Amino acid sequence: MTKQQAVQLFEEKKIRSVWDDEQEKWYFSVADVVEVLTESADVKQYIKKMRMRDPALNSNWGTICTPLRMVAADGKSRQVQAASLEGVFRIIQSIPSPKAEPFKLWMAKVANNRIEQLQDPELSIEQAMHDYKRLGYSDNWINQRLKSIEVRKILTDEWKRCGMEEGLQFASLTDIITKAWSGKTTKEYKKYKGLKKENLRDNMTNTELILNMLAETATTDLSKSHNPQTFEENVTVAQKGGNVARSARMELEKELGKSVVSPLNAKTYLNQLSQTTEEEKE
């Protein structure tokens, strides 16, 4: 069963999801759905109480929910409770929320869009562009971000070819690449930018994205050249790939006289872009 992870946007809130090619179904993170609909500060406790007050839901919980791997807040892949469109609709019945009906319509649209995208792959790219534009990103940044998605996919395909497993091994290799070029692990980088659940790449500047792409592209090329067979050999290749981007970063910082590893996150970065645009108009 081929699964493709994605993050969907509902009213600017992110909902993790997985597309199952075999069943042609979306599976959504139950915790993310409940958080969006209830804005609960303790989602786990809300779900527990919800199941207690709805015995029918509770007795069928194992059928409704499927454990699937999704990227957690710390950037690592973990098993989370997920539900298909039908399953989420059943869960929503137990959530008194004014957002319930708009959310149902949104989910139906997401499902329909996926079928259309399978028939025309360019639509998925257009959807991603639309989502980023809606969040306020510049066209230049969006182009870089979409390219980074392609670069990342090529790298993970190469890791799979070398026998690496999604989850811990992918996360470990990513940390090695990130640490090599930026001087920070993914966790340290997110903390530096003041992030929690947010995607690190969605909070990088253009320069950071380019350096990260260089590191991942170099790792892919080196892997194809050296053909690593073990995790330890892949670690060595990842370190070398990250070092290629580190050299470029050091040279650029020498000319600029400042670090390009920025504490800016999407919110502050977009505010800066907005201010720059206003100044240019004046």
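The rules behind these values
Residues numbered from 1 in each chain as written. Predicted model: local features only at pLDDT ≥ 70, side-chain atom pairs only at ≥ 80, totals over all residues. Heavy atoms only, no water. pLDDT = per-residue confidence, 0-100. Contact = heavy atoms within 4.5 Å. Axes fitted to C-alpha atoms, helices over the stretch in contact; angles between N-to-C directions. Helix = DSSP H or I, 4+ residues; strand = E, 2+ residues; numbered from the N terminus. Parallel < 35°, antiparallel > 145°, perpendicular 65-115°, else oblique. Left-handed = near helix turned anticlockwise from the far one by under 90°. Nonpolar A, V, L, I, M, F, W, Y, C, P; charged D, E, K, R; others polar. Expected span 1.5 Å × (residues − 1). Buried < 20%, exposed > 50% of the residue type's maximum accessible area, 1.4 Å probe, protein only. Salt bridge = Lys/Arg side-chain N within 4 Å of Asp/Glu carboxyl O.

1. Thoughts on the confidence of the model for the protein
Averaged over the protein, the pLDDT score is 83; the fraction of residues at 70 or greater is 81%. In the predicted structure, residues 114-123 sits below a pLDDT of 50 and forms 10 contacts with residues beyond four places in sequence or in another chain.

2. Remarks on the packing of helix α9 (residues 168-182) against helix α11 (residues 206-226)
Between α9 and α11, the shortest axis-to-axis distance is 10 Å and the interhelical angle comes to 125°. Regarding the angle of α9 to α11, the classification is oblique. Once α9 is placed against α11, the crossing between them reads as right-handed. Listed contacts from α11 to I177, T178 and W181 of α9 are E208, L211, N212, A215, E216 and T219. Residues of the contact of α9 with α11, tallied by class, amount to four nonpolar, three polar and two charged.

3. As for helix α8 (residues 139-161)
For α8, built from 23 residues, the straight-helix expectation of 33 Å at 1.5 Å per residue is met to within 8% by its first-to-last C-alpha distance of 33 Å. For α8, the complete set of buried residues consists of W141, I142, Q144, R145, L146, S148, V151, R152, L155, T156, E158 and W159. A positive phi of about 90° marks G163, the residue just after α8.

4. Overview of the pattern of salt bridges
Opposite charge on two side chains permits them to pair, given that their charged atoms come into close proximity. Taken as a whole and judged by the stated rule, the model has 15 salt bridges. Across the pair K160 and E166 runs a salt bridge, and its minimum N-O distance is 3.6 Å. Assessed through its relative accessible area of 42%, K160 is described here as partly exposed. Residue E216 pairs with R201 through a salt bridge whose shortest N-O separation is 2.7 Å. Note that E216 is positioned in helix α11 and R201 in the loop between α10 (186-192) and α11, a separation of 15 residues in sequence. Residue R201 is classed as buried on the basis of its relative accessible area, which comes to 16%. Ionic contacts of the salt-bridge type, sharing partners, join the residues K14, R145 and D202 into one network.

5. Description of the packing of α8 against α11
Relative to each other, α8 and α11 sit at 25°, their axes nearing to 9 Å. Considering the angle they form, α8 stands roughly parallel to α11. Seen along the crossing, α8 lies across α11 with a hand that is left-handed. Of the residues in the contact of α8 with α11, the class split is eight nonpolar, eight polar and seven charged.

6. What about unusual backbone geometry?
Look at E39: it is not a glycine, yet its phi comes out positive at around 55°. Tracing the backbone through its elements, the reader meets E39 in the loop between α1 (30-38) and α2 (43-53). Exposure remark for E39: the relative accessible area of 54% places this residue in the exposed category.

7. Points about the environment of V237
Tracing the backbone through its elements, the reader meets V237 in helix α12 (residues 231-256). Residue V237 is classed as buried on the basis of its relative accessible area, which comes to 5%. The sequence separation of V237 and N227 amounts to 10 residues, and the corresponding C-alpha distance is 9.3 Å. Those residues in contact with V237, other than ones at most four positions away along the chain, are T219, L222, S223, H226 and P228.

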